Amino acid sequence: MVEYEYRVLVFGRGTRRADIRRALTEQAEYGHWELHRTRIYIGGTTRTWLRRKIIRVPRAS
């Protein structure tokens, strides 16, 4: 079974789309995160969930 770890990024109402896109691109390129979900709330706040696989290395006996 695949396990994921999650990171939530919150952007305020005044954050431009280009800035959000740039931040998400950096997370994807350098942190190996992938976009899981994005919600835009009534007040203008954008909350984005990123995820990446947890790779477990089996221990040698």
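Residues numbered from 1 in each chain as written. Predicted model: local features only at pLDDT ≥ 70, side-chain atom pairs only at ≥ 80, totals over all residues. Heavy atoms only, no water.

Another aspect to go through is helix α1 (residues 17-31). Residues spaced three or four apart along an α-helix point in a common direction, a consequence of the helix completing one turn every 3.6 residues. Taking 1.5 Å as the rise per residue, α1 with 15 residues should run 21 Å; its terminal C-alpha atoms sit 20 Å apart, in good agreement. Phi for His-32, located one or two positions after α1, is positive at around 60 degrees. (Helix = DSSP H or I, 4+ residues; strand = E, 2+ residues; numbered from the N terminus. Expected span 1.5 Å × (residues − 1).)

We now examine the pairing of strand β3 (residues 46-53). As judged from the eight bridges shared by strand β1 (residues 4-11) and β3, these two strands associate in the antiparallel manner. By the bridge assignment for β3, Tyr-6 is matched with Arg-51. The turn joining strand β2 (residues 34-40) and β3, which pair antiparallel and follow one another in sequence, is formed by five residues; a positive phi near 100 degrees is taken by Gly-44. (Pairing = 2+ DSSP bridges.)

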